[in-house]
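Listed below are the residues making up each chain.
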Amino acid sequence: MQAINASIGFDRKLWRQDIAGSLAHAAMLAHVGIISAADEAAIREGLGAIARRIEAGEFPWDEALEDIHMNIEARLTEAIGEAGKRLHTGRSRNDQVALDVRLWVRDAIDGLAGQVEDVMRALVARAEAHADTVMPGFTHLQPAQPVTFGHHLLAYVEMLSRDLSRLRDARARLNESPLGAAALAGTGFPIDRHMTAAALGFDGPTRNSLDSVASRDFAAEFLFCCAMCATHLSRFAEEMVIWTNPYFGFVRLSDAFTTGSSIMPQKRNPDAAELVRGKTGRMVGALVGMLTVLKGLALTYFKDMQEDKEGIFDAAENLTLCLAAVAGMVRDMQPDAARLAQAAGAGFSTATDLADWLVRTLRMPFRDAHHVTGRLVARAEAKGCDLAGLTLAEMQAEEPRITEAVFGVLTVAASVASRTSYGGTAPENVRRMAAEWRERLA
Ligand code: ARG
C-alpha cells in the first residue's frame, strides 16, 4: 500500500509552495482569531526552519508520511508541538494540494515564458541579419518558391509568440486560490479566503468549493501549452536535421550541438535537434495522460488526481531543456548563403514569377499563364537548363508575345524582392518585421 500510495518521492518538489500556502493560511487563522498570535509565530518559525533544512538537503523525508503535506506537518508538530497541530484547521489536503500545484504551475509558466522570449530574441536577431539571404521555400518538401532565410525564422517567432500568449492566458485563468475550499464543501470556521488569496498573489478565491478540489483543467491547459510549444520546437528541430544533412547543406551546427559517432569518424549528428523532436513525444503523452485521468472522475477529489504531478514536472523540465537547446542552436547555426542561393534557384522555383509576369504584362488569365509556364518548364527540363537558360526564341515558341523583359523576373533576387504583400517574404518586409519584434521583445 505504501509503495502505491506515497507521493513524497515526487511531490517533494512542491515544498516551497506548500510552505508558502501554510504561512498564508496560518497568518489568516491568526488574523480572524482561530489561532493565537503566539501559535502563528511558532508556526512561522517552525516552517522557516523546515525550509532551511530542506534547502540544505537535511530534511528527513519519510515515505510512511505519504506526501509533502504530511511530511511537513508532522515535522512541524515534532518541532513546535500543539501549535503545529492547529495549522490544518479549516483546510484539507484536498484544497492544499490543489493550491500547491497551481502555485507550482504558475512559477513554471513564468520561467518558461521568459525562455520562450529568449528563443524569440535569438530568432529575431538571426532573421534581421539574414533578411536578404535567399533560400528555397518548400511545400511537400519540394522546392516551391524562393523565400528569405530571415522570413523563415520569423515564421517560428510568430508560432512562439502564440505559445507565449497561450502560457499567459493559462496563467491568468489559473490564478484563483482554492485554499479554504477544505475537503470539498467549504468550512464552518470564519476563514478569510480573500486574505489568503491576496497574500499568495492570486486575483481572488475560487467561487465553488467542489470545483476547487475536483478540477485540474489548469494542469491540462498547462500541458497543452507545453505540448504545443514543444511541437513548434520539434518542427524547427526537424528542419535542423534536414538542413544539416550534407545533401542539403543549408546550415552547419557547431560541435557544441552535434555529436560524433563511436565508429564513424566523419559524423556530425544533430543530436540536440533530434532530442528536441523526441522529447516532444513525452509532452504530448503527458497531456493525453492528464485528460485521460480526468475523464472518468465524478466530483470531487479522487486519489487518481495524485497522478497530475509527474506529467507536469516532466513536461516543464523537458520543455526547459528544449527551449535552451533551441536557443543555443539558433544562435550557433551557420547558414551557408551560397548553397542556399543555389538551392533557391533550383527546381524552377521562379516558375510562379514567370506565370505572374504573363498575367501582368500580357493580361493573360492566370490559368492560361499557368499552362504556358508549365510548357516552358517542360522545355527547360528537356534542355537540361533552368527557366532563364531558355532563349527568347524558345520562349516565344510557346507564347509569341513574350519579350526580353521576362528575364528580369526569373532571378531569385527579383522573385523575393517582389513579394511585398503584407506578410510576404520581401527583404524590406523582413527587416521591418524583425525590427518590430526586436522592439517588442526588448
Ligand atoms: N498526495 C495527494 C495528492 O497529490 C494529496 C491529497 C490527498 N488527499 C486525500 N484526501 N487523500 O493528490
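Residues numbered from 1 in each chain as written. Predicted model: local features only at pLDDT ≥ 70, side-chain atom pairs only at ≥ 80, totals over all residues. Heavy atoms only, no water.

**A short note on the site of the ligand**
Phase 1: Around the ligand, the surrounding shell consists of S7, D11, D67, H69, R93, N94, V97, Y301, Q306 and K309.
Phase 2: Note that a nitrogen atom of the ligand is positioned 3.3 Å from one of the side-chain N or O atoms of S7.
Phase 3: Side-chain polar atom of D67 to a nitrogen atom of the ligand: 3.0 Å apart, as the coordinates give it.
Phase 4: For the ligand, whose accessible area on its own is 340 Å², the fraction buried by protein is 87%. (Near = heavy atom within 4 Å. Polar contact = N/O pair within 3.5 Å; in protein donor to acceptor, adjacent residues only side chain to side chain. Areas by Shrake-Rupley, 256 points an atom, 1.4 Å probe, with all protein chains shown as cover.)

**Considering the side chain of T350**
Phase 1: Along the chain, T350 turns up in the loop between α14 (337–345) and α15 (351–362).
Phase 2: Here L410 takes part through its backbone oxygen, which lies 3.0 Å from a polar atom of the side chain of T350.
Phase 3: Those residues in contact with T350 that lie beyond four places of it in its chain are P146, L387, V409, L410, T411, V412 and S415. (Helix = DSSP H or I, 4+ residues; strand = E, 2+ residues; numbered from the N terminus. Contact = heavy atoms within 4.5 Å.)

**Quick look at the environment of I8**
Phase 1: The topology assignment puts I8 in helix α2 (residues 8–11).
Phase 2: Overall, the relative accessible area of 2% leaves I8 in the buried class.
Phase 3: For the pair I8 and E66, spaced 58 residues apart in sequence, the C-alpha separation works out to 5.8 Å. (Buried < 20%, exposed > 50% of the residue type's maximum accessible area, 1.4 Å probe, protein only.)

**Quick look at a nonpolar patch on the surface**
Phase 1: A grouping of L184, L210 and L299 is seen on the molecular surface, where their side chains present a nonpolar patch of about 270 Å² in accessible area.
Phase 2: Inspection of the secondary structure puts L210 in helix α10 (residues 209–214). (Patch = residues over 30% accessible without salt bridge, like charges linked within 9 Å, V, L, I, M, F, W, Y side chains within 5 Å. Salt bridge = Lys/Arg side-chain N within 4 Å of Asp/Glu carboxyl O.)

**Some words on the UniProt feature "domain: Fumarate lyase N-terminal" (unreviewed entry) in the protein**
Phase 1: Under the UniProt annotation, the feature "domain: Fumarate lyase N-terminal" (unreviewed entry) is placed at residues 1–285.
Phase 2: A distance of 27 Å separates the end C-alpha atoms of residues 1–285, which is 64% helix and 7% strand. (UniProt positions renumbered as here; feature names shortened; annotations may be inferred.)

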